[in-house]
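For reference, the chains in residue letters:
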Amino acid sequence: MVEFYAPWCPACQQIELIWESFAKESEQLDITVGKVDVTQEPGLSGRFFITTLPTIYHANDGVFRRYRGSRTLEDLQSYVLEKKWEAVEPVAGWKSPSSIVMHGMAGLFHLSGCIRQIHSYLTDTLGIHVWISYAIFILATLLIGLILGLMLVLISDCLCPSKSHYRNETSEVITKENAENAENAVLEEPEEATELSADDAEEAAEVKNLSEEDAPNSSVDDSEEDLALGKESGEEEEMEDLNEQPLADSETESSVRQRRGQVADHGL
């Protein structure tokens, strides 16, 4: 059983005699009884997260339970003899004095004790005014906060770079990839050009062969078309001649008749 107290605490002073009597009977109860001055052990009081005074804890095999019963000698004895502590719920895991969280809390309490001692040294030993001491602590707190904040910013920038930096890196990577792609395209263009020229040459050769094959056929077709056109023109000329021949015969007959008529007239 452990009691956390402070010399200036009235409630702690009231149970001081009771706690001493309880400690004297510790051998009969087969327990260990102790007390902790929170002003002298701020780290230990921080591990138990002492917020009220006095505070009593029961500890058994590394399991801690807070005593919330009456602070009389009989109640304390019955709590141990009748094992009433078994019905009390132990302190939660993260609140346990042996946890890492409470070790950190102990460090904060120890730091507060150091700050209190420094304040006492400045005001009592050096004779500095209380408000000047407060101002010194405020400036020191701001300076330490700025340093810690700068360190956190640097660490965060190293672990998680900003988006602008990431964008710059990605843009540089993209430009490098584009340049590599452009170089590859420039190198591939002559090959494609040679392939295209070879394809064009093959196509030209095929067209030439086709034109050569079609040339005789086209000449034969043209000659046949010319013969057909010649026959048609000859037939048309013969028809015109036949049409013109009756006209000529009729004209000669009419001229002969006119001459005969004139000779007859002269004979008369």
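Values in this document were obtained by computation on a predicted structure and should not be read as measured data.

Take the UniProt feature "transmembrane region" (unreviewed entry) in the chain next. The positions that UniProt labels "transmembrane region" (unreviewed entry) are, in the present scheme, residues 131-155. Between the end C-alpha atoms of residues 131-155 there is a gap of 36 Å, over a span that is 100% helix and 0% strand.

Our focus in this paragraph is a nonpolar patch on the surface. On the surface, Leu143, Ile144, Ile147, Leu148, Met151, Ile155 and Leu159 cluster together to form a nonpolar patch covering roughly 700 Å² of accessible area. Positionally, Leu159 belongs in helix α7 (residues 130-159). Overall, the relative accessible area of 65% leaves Leu159 in the exposed class.

With that settled, the discussion passes to the nonpolar core. With 11 residues, the main nonpolar core is built from Met1, Trp19, Phe22, Leu29, Val33, Ile56, Tyr67, Leu76, Tyr79, Val80 and Trp85. If you list the elements that add at least two residues to this core, you get α2 (16-24) and α5 (73-81). Sort the elements by how many residues they give to this core and α5 lands first, with three residues. Once you skip the residues sitting within four places of it in the chain, Leu76 turns out to touch Met1, Ile18, Trp19, Phe22 and Tyr67.

Quick look at the packing of α2 against α5 now. Where α2 meets α5, the axes come as close as 10 Å, and the angle between the chain directions of the two elements is 35°. In the crossing of α2 with α5, the sense of the turn from one axis to the other is right-handed. In this structure, α2 contributes Ile18, Trp19, Ser21 and Phe22 to the contact, and α5 contributes Leu73, Leu76, Gln77 and Val80. Residues of the contact of α2 with α5, tallied by class, amount to six nonpolar, two polar and no charged.

Attention shifts here to α5. Among the residues of α5, those classed as buried are Leu76, Gln77, Ser78, Tyr79 and Val80. Backbone geometry just after α5 places Lys83 at a positive phi near 55°.

Per the stated rule, a full pass over the model turns up one salt bridge. Measuring nitrogen to oxygen at the nearest pair gives 3.7 Å for the salt bridge that ties Lys84 to Glu82. When its relative accessible area of 54% is taken as the criterion, Glu82 is described as exposed.

Averaged over the chain, the pLDDT score is 75; the fraction of residues at 70 or greater is 65%. Across the chain, the secondary-structure element scoring lowest on mean pLDDT is helix α8 (residues 163-267), at 57, and the one scoring highest is strand β1 (residues 2-5), at 93. For the stretch residues 242-248, pLDDT sits under 50, and the model shows zero contacts to residues farther than four places along the chain or on other chains.

Here we come to the packing of aromatic side chains. Applying the stated rule across the entire model yields seven aromatic pairs. Ring geometry for Phe4 versus Tyr57: centroids 6.3 Å apart, planes at 90°, classification edge-to-face. Taken together, the residues span a long stretch of sequence, with Phe4 in strand β1 and Tyr57 in strand β3 (residues 55-60) at a distance of 53 residues. For Phe4, a relative accessible area of 0% corresponds to the buried category. On the accessibility criterion, Tyr57 (8% relative accessible area) is buried. Considering the side-chain rings of Trp131 and Tyr134, the 5.5 Å spacing of their centres and the 90° angle between planes classify their relative orientation as edge-to-face. Placement of both Trp131 and Tyr134 in helix α7 is noted, with a separation of three residues, approximately one turn of the helix. Given a relative accessible area of 38%, Tyr134 falls into the partly exposed group. In textbook terms, an aromatic cluster arises when at least three aromatic residues are bridged by ring pairs, as seen for Phe4, Phe48, Tyr57 and Phe64. Geometry around Tyr5 places Lys35 over its ring, the cationic atom sitting 5.3 Å from the centre.

Moving on: the sheet that holds strand β4 (residues 63-67). In space, the four strands of this open sheet follow the order β2-β1-β3-β4, with mixed pairing throughout. Two strands close off the open sheet at either side, each with one partner strand: β2 (34-37) and β4. Looking at each pair of strands side by side, their axes are set apart by 25° on average, direction ignored. Note that β3 and β4 share five bridges and pair antiparallel. Counted as the bridge partner of Ala59 is Phe64 from β4.

Below, the discussion takes up the side chain of Thr123. Following the sequence through the fold, Thr123 ends up in helix α6 (residues 100-125). Within the local environment of Thr123, its side chain forms a polar contact with the backbone oxygen of His119, the two atoms lying 2.8 Å apart. Apart from residues no more than four positions distant in its own chain, Thr123 is found in contact with Ile128, Val130 and Ser133.

Rules used in this analysis
Residues numbered from 1 in each chain as written. Predicted model: local features only at pLDDT ≥ 70, side-chain atom pairs only at ≥ 80, totals over all residues. Heavy atoms only, no water. UniProt positions renumbered as here; feature names shortened; annotations may be inferred. Helix = DSSP H or I, 4+ residues; strand = E, 2+ residues; numbered from the N terminus. Patch = residues over 30% accessible without salt bridge, like charges linked within 9 Å, V, L, I, M, F, W, Y side chains within 5 Å. Areas by Shrake-Rupley, 256 points an atom, 1.4 Å probe, with all protein chains shown as cover. Salt bridge = Lys/Arg side-chain N within 4 Å of Asp/Glu carboxyl O. Buried < 20%, exposed > 50% of the residue type's maximum accessible area, 1.4 Å probe, protein only. Core = buried A, V, L, I, M, F, W, Y, C linked by side-chain atoms within 4.5 Å. Contact = heavy atoms within 4.5 Å. Axes fitted to C-alpha atoms, helices over the stretch in contact; angles between N-to-C directions. Left-handed = near helix turned anticlockwise from the far one by under 90°. Nonpolar A, V, L, I, M, F, W, Y, C, P; charged D, E, K, R; others polar. pLDDT = per-residue confidence, 0-100. Phe/Tyr/Trp six-rings, centres within 6.5 Å; stacked < 30°, edge-to-face > 60°. Lys NZ or Arg CZ within 6 Å of the ring centre and 35° of its normal. Pairing = 2+ DSSP bridges. Polar contact = N/O pair within 3.5 Å; in protein donor to acceptor, adjacent residues only side chain to side chain.

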